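Coordinate analysis (summary)
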Amino acid sequence: MVRTILLSLIVIVNGYFLFVFVKDLISHKEAFKEEKGNMKALPFTSFIMFFLSTFGISDFAIGTVLYPKLGWTSMKKLPGTLNTQCVIPVAVMALSYISSVEVGIKTLAVCIIAQVIGAYVGPKFVVKLPEDTIKKFVGFGLIVAAFLIFAGQMEWIPSNGVAKELYGGKLILAAILLFTYGALNNIGIGSFALTMVTVYLLGMDPIAAFPIMMGACTFSVPTGSVQFVKLDQYSRKITLFTSTFGVLGVLVAVFLVKSLDTYLLKWLVIFVLIYSSYTMLVEQKKKMVQEA
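For clarity, every value in this text was computed on a predicted model and none was experimentally measured.

With that out of the way, let us pick up the overall build of the protein chain. A tally of regular secondary structure across the protein chain gives 13 helices and 0 strands. Listed N to C, the secondary structure of the protein chain is α-α-α-α-α-α-α-α-α-α-α-α-α in terms of helices and strands. The C-alpha atoms of the protein chain give 18 Å as radius of gyration, which agrees with the globular expectation for 292 residues (19 Å, within 12%). Across its three principal axes, the protein chain shows a C-alpha extent of roughly 50 × 40 × 35 Å. Counting only residues that meet the buried cut, the protein chain has 53% of its 292 residues in that class. By sequence separation, contacts in the protein chain at least 24 residues apart represent 87% of the contacts at least 6 residues apart.

So, on to unusual backbone geometry. With a phi angle near 60 degrees, E155 is a residue other than glycine that sits in the positive phi range. Secondary-structure assignment places E155 in the loop between α8 (131-153) and α9 (168-185). Under the relative-accessibility criterion, E155 is labelled exposed at 70%. Even without a glycine there, the phi angle at D232 is positive, about 60 degrees. By secondary structure assignment, the location of D232 is in the loop between α11 (209-230) and α12 (236-257). Assessed through its relative accessible area of 32%, D232 is described here as partly exposed.

Okay, the packing of α9 against helix α10 (residues 192-201) next. Where α9 contacts α10, the two axes come as close as 10 Å, and the packing angle between them is 170 degrees. It follows from the interaxial angle that α9 and α10 lie roughly antiparallel. Within the contact between the two elements, α9 uses L177, L178, Y181 and L184 and α10 uses L194, T195 and T198. Taken together, the residues of the contact of α9 with α10 sort by class into 5 nonpolar, 2 polar and no charged.

This part is about the environment of Q115. The residue Q115 is located in helix α6 (residues 105-121) in this model. A residue is classified by how much of its surface remains accessible, and Q115, at 0% relative accessible area, is buried. In this structure, the C-alpha to C-alpha distance between Q115 and K164, residues 49 residues apart in sequence, is 19 Å. Leave out the neighbours within four places in its chain, and Q115 touches L178, F179, Y181, G182, N185, S191, T195, A216, C217 and S220.

Let us now look at the packing of aromatic side chains. The way to describe two aromatic rings as a pair is by their centre distance and the angle between their planes. For the coordinates displayed, the defined rule picks out 10 aromatic pairs. Ring centres 5.5 Å apart and planes at 65 degrees place the aromatic pair F51 and F55 in the edge-to-face group. Exposure remark for F51: the relative accessible area of 16% places this residue in the buried category. A relative accessible area of 13% places F55 in the buried class. Here F147 and W156 contribute two aromatic rings whose centre-to-centre distance is 6.4 Å and whose plane-to-plane angle is 50 degrees, an arrangement assigned as tilted.

Turning our attention to the UniProt feature "transmembrane region" (unreviewed entry) in the protein chain. Within the UniProt annotation, "transmembrane region" (unreviewed entry) is assigned to residues 6-26, 47-68, 134-151, 171-201, 207-226, 238-257 and 263-282. End-to-end, the C-alpha atoms of residues 134-151 are 26 Å apart, and along that stretch the chain is 100% helix and 0% strand. Helix makes up 90% of residues 207-226 and strand 0%. Its end C-alpha atoms lie 30 Å apart.

A word on the side chain of T198. Relative to the elements of secondary structure, T198 occurs in helix α10. Residue classification places T198 among the buried positions, given a relative accessible area of 7%. Once residues within four sequence positions are removed from consideration, T198 is found in contact with L177 and Y181.

A separate point is the pattern of salt bridges. All chains considered together, the criterion is met by 5 salt bridges. The partner of R236 in a salt bridge is E35, and the shortest N-O contact between them spans 3.5 Å. Placement of the pair is R236 in helix α12 and E35 in the loop between α2 (29-34) and α3 (42-53), with a sequence separation of 201 residues. In this structure, R236 and E35 share a single accessibility class: buried. One salt bridge connects K164 with D205, and the closest N-O pair in it is separated by 2.9 Å. Pair noted here: K164 is in the loop between α8 and α9 and D205 is in the loop between α10 and α11, with a separation of 41 residues, a long-range link. Overall, K164 belongs to the partly exposed group, its relative accessible area being 29%. Connected through salt bridges with shared partners, the residues D24, E35, D232 and R236 form a single ionic network.

Parameters and conventions
Residues numbered from 1 in each chain as written. Predicted model: local features only at pLDDT ≥ 70, side-chain atom pairs only at ≥ 80, totals over all residues. Heavy atoms only, no water. Helix = DSSP H or I, 4+ residues; strand = E, 2+ residues; numbered from the N terminus. Rg over C-alpha atoms; globule rule 2.2 N^0.38 Å. Buried < 20%, exposed > 50% of the residue type's maximum accessible area, 1.4 Å probe, protein only. Contact = heavy atoms within 4.5 Å. Axes fitted to C-alpha atoms, helices over the stretch in contact; angles between N-to-C directions. Parallel < 35°, antiparallel > 145°, perpendicular 65-115°, else oblique. Nonpolar A, V, L, I, M, F, W, Y, C, P; charged D, E, K, R; others polar. Phe/Tyr/Trp six-rings, centres within 6.5 Å; stacked < 30°, edge-to-face > 60°. UniProt positions renumbered as here; feature names shortened; annotations may be inferred. Salt bridge = Lys/Arg side-chain N within 4 Å of Asp/Glu carboxyl O.

Pasting the structure below:
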């Protein structure tokens, strides 16, 4: 019964974001046409990005590397774009995992509520940040993401827990951390890897990470994304394509592929993240020296 209510709320919350997004899209048809973004390439990048995201490879990390390099969005609008682009695909992921993976409903609810609060607070501060500050946050965020993936590859993070539910201090700690991750999402630092590590370290069954991280995101990300839409701090073109072709990537991953050996792919992702972070931070340092 509770799970059915939760699934219904996912549809309602994300349906509201979709309404706000479509309304904004219709009101800004000309701005949409003028936005950068290759309409021939976007279907493929959207499909692949969220196909991989379904297996836990962060779409935030991939988008952070891809979009600025291709010139599809500015650094100022990157955090908003990373959030709005994933709302609908992540909703499909959440519906799939929550309905099929067993996890304590109280733990799931607490994590979701905590991350939603963090996500609601975040955008009001992010849009006020200078572009240079956003670059620094994103650059260091990429390093953190790369390290967490590397730690997983090296088996430094225990992933042999069996718990389906958290209690007491562990539940409180999870709530505090998920609140923080919800706020970090709005700066452009994805929460998938962080949530996965948190679940592992708290002794939960690794598969429980998927409904928790996607369930938390599917409520928290629309909350922040509606703010970004209203503040006009996102790419409409990227969001439209990921909301359609990204969903197709999720459905193929969930219903056709089922499982994927991502070991070698994760090493490639680590390399790309470190390289992108290095170039971003070095470029920022050079700019500061020139202005000094």
